[in-house]
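Letter by letter, the chains look like this.
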Amino acid sequence: WSAGGGLLWRSQRTAGEDAPAPWGDTYALVALLGYRDEHDYVFSEEGTVLGLRYEIADQHLLSDYSYTRLTAEYRRALALGEVPHQTLEYGLKLGSAHGGRQEIPPFSLGGTQGLRGYARNSFAGGAYYLATLSYLRPFGWDWLRFVASIEAGNVYDDADDLDTTVHWSLGLGLRIRVPRLVGVEFEAGVALPLSGDSARFYGYRNGF
């Protein structure tokens, strides 16, 4: 287990005659709680990771506007069978925010943020959830793995607007783990939204 906290400063400025008024500054208190029981096998992992983060800023206490934001993430990876680095990974991400500036929604899905079968920022709002399930198996070499995944999630204006609407995305791709660059991997493939739209190519990098 781990716990921490700190102070987060955000500042937004604008310039030019036709520019909108700046949002100003906020000073938010941040609290963190984490749990990690994970084994690193270089080309795969096995175990559980949990993270919670809470931010709060008050316009009556140094900040130009008030907001709160709560996010949570759960991930688990399981080794499957006798094949090394064959794993089943699943996870859940949640988020809810209140107050703040509404010009840019705090959460979005689509593209590499999640629901990769949809265009970037297809869904945006003040609350979201994203559930993922992935099967990975070495593809010729341990550092190259085939990935089959399914994602389900949605974004709402507010957590009170939660309903039964779910957006689904299926994906097939390849994931490359670079052993000389610890914690760095690349993935590319094709994702298909179950809304009836056409498939999309995707690619992203984890790590620095």
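See the structure above.
So, here's what we can say about the structure. This is a predicted model, so every value here is computed, not measured.

### A closer look at a negative patch on the surface
Part 1 of the argument: The grouping of Asp157, Asp160, Asp161 and Asp163 at the surface amounts to a negative patch.
Part 2 of the argument: Positionally, Asp157 belongs in the loop between strand 9 (141-156) and strand 10 (167-177).
Part 3 of the argument: Here Asp157 falls in the exposed class, since its relative accessible area comes to 64%.

### Topic: the nonpolar core
Across soluble globular proteins, nonpolar side chains have a tendency to be buried as a group.
Part 1 of the argument: Listed in full, the nine residues of the largest apolar core are Ala97, Phe107, Leu109, Leu115, Tyr118, Phe123, Tyr128, Leu130 and Val155.
Part 2 of the argument: Broken down by secondary-structure element, the contributors of at least two residues to this core are strand 6 (107-109) and strand 8 (127-139).
Part 3 of the argument: Within the second largest apolar cluster, five residues are counted, among which are Ala28, Ala57, Tyr65 and Tyr67.

### Describing the pattern of salt bridges
Part 1 of the argument: Counted under the stated rule, the structure contains twelve salt bridges.
Part 2 of the argument: Between Asp25 and Arg13 there is a salt bridge whose closest N-O contact spans 3.1 Å. Of this pair, Asp25 sits in strand 2 (residues 24-40) while Arg13 sits in the loop between strand 1 (2-12) and strand 2, and the two are twelve residues apart along the sequence.
Part 3 of the argument: A relative accessible area of 14% means that Asp25 is categorised as buried.
Part 4 of the argument: Close ionic contact of Arg175 with Glu89 constitutes a salt bridge, the shortest N to O distance being 3.6 Å. Of this pair, Arg175 sits in strand 10 while Glu89 sits in strand 5 (residues 87-99); the two residues are 86 residues apart in sequence, bridging distant segments of the chain.
Part 5 of the argument: In the salt-bridge network here, residues are joined through shared partners; they are Glu45, Glu89, Arg116, Glu151, Arg175, Arg177, Glu185 and Glu187.

### Thoughts on the pairing of strand 2
Part 1 of the argument: Relative to strand 2, strand 1 runs antiparallel, the two being bridged by eleven bridges. Across the sheet, the residue bridging to Ala3 is Leu33, located in strand 2.
Part 2 of the argument: A loop of four residues connects strand 2 with strand 3 (residues 45-57), the two strands running antiparallel in sequence, and Val42 in this loop sits at a positive phi of about 70°.

### Details of the environment of Pro22
Part 1 of the argument: Take Pro22: it is sitting in the loop between strand 1 and strand 2.
Part 2 of the argument: When its relative accessible area of 43% is taken as the criterion, Pro22 is described as partly exposed.
Part 3 of the argument: Residues Pro22 and Ser11 lie eleven residues apart in sequence; the distance between their C-alpha atoms is 9.0 Å.
Part 4 of the argument: Dropping the residues within four chain positions of it, Pro22 is found in contact with Gln12, Arg13 and Thr14.

### Some remarks on the packing of aromatic side chains
Part 1 of the argument: In this structure the tally under the stated criterion is eight aromatic pairs.
Part 2 of the argument: If you follow Arg69 out to its NZ or CZ, it ends over the ring of Phe107, 5.7 Å from the centre.
Part 3 of the argument: A cation over an aromatic ring shows up here: Arg116 above the ring of Tyr202, its NZ or CZ 4.5 Å from the ring centre.

### Describing the sheet that holds strand 2
Part 1 of the argument: Ordered in space as 1-2-3-4-5-8-9-10-11-12, the ten strands form an open sheet in which the pairing is antiparallel. Of all strands in the sheet, those with a lone pairing partner are strand 1 and strand 12 (200-206), marking the two edges. Direction aside, the axes of adjacent strands within the sheet are offset by 20° on average.
Part 2 of the argument: Pairing of strand 11 (residues 185-193) with strand 12 involves seven bridges; the strand directions are antiparallel. Of the residues in strand 12, the one forming a bridge with Gly189 is Tyr202.

About the criteria used
- Residues numbered from 1 in each chain as written.
- Predicted model: local features only at pLDDT ≥ 70, side-chain atom pairs only at ≥ 80, totals over all residues.
- Heavy atoms only, no water.
- Patch = residues over 30% accessible without salt bridge, like charges linked within 9 Å, V, L, I, M, F, W, Y side chains within 5 Å.
- Areas by Shrake-Rupley, 256 points an atom, 1.4 Å probe, with all protein chains shown as cover.
- Salt bridge = Lys/Arg side-chain N within 4 Å of Asp/Glu carboxyl O.
- Lys, Arg positive; Asp, Glu negative; His and termini not counted.
- Charge placed at Lys NZ, Arg CZ, Asp CG, Glu CD.
- Helix = DSSP H or I, 4+ residues; strand = E, 2+ residues; numbered from the N terminus.
- Buried < 20%, exposed > 50% of the residue type's maximum accessible area, 1.4 Å probe, protein only.
- Core = buried A, V, L, I, M, F, W, Y, C linked by side-chain atoms within 4.5 Å.
- Pairing = 2+ DSSP bridges.
- Contact = heavy atoms within 4.5 Å.
- Phe/Tyr/Trp six-rings, centres within 6.5 Å; stacked < 30°, edge-to-face > 60°.
- Lys NZ or Arg CZ within 6 Å of the ring centre and 35° of its normal.
- Axes fitted to C-alpha atoms, helices over the stretch in contact; angles between N-to-C directions.

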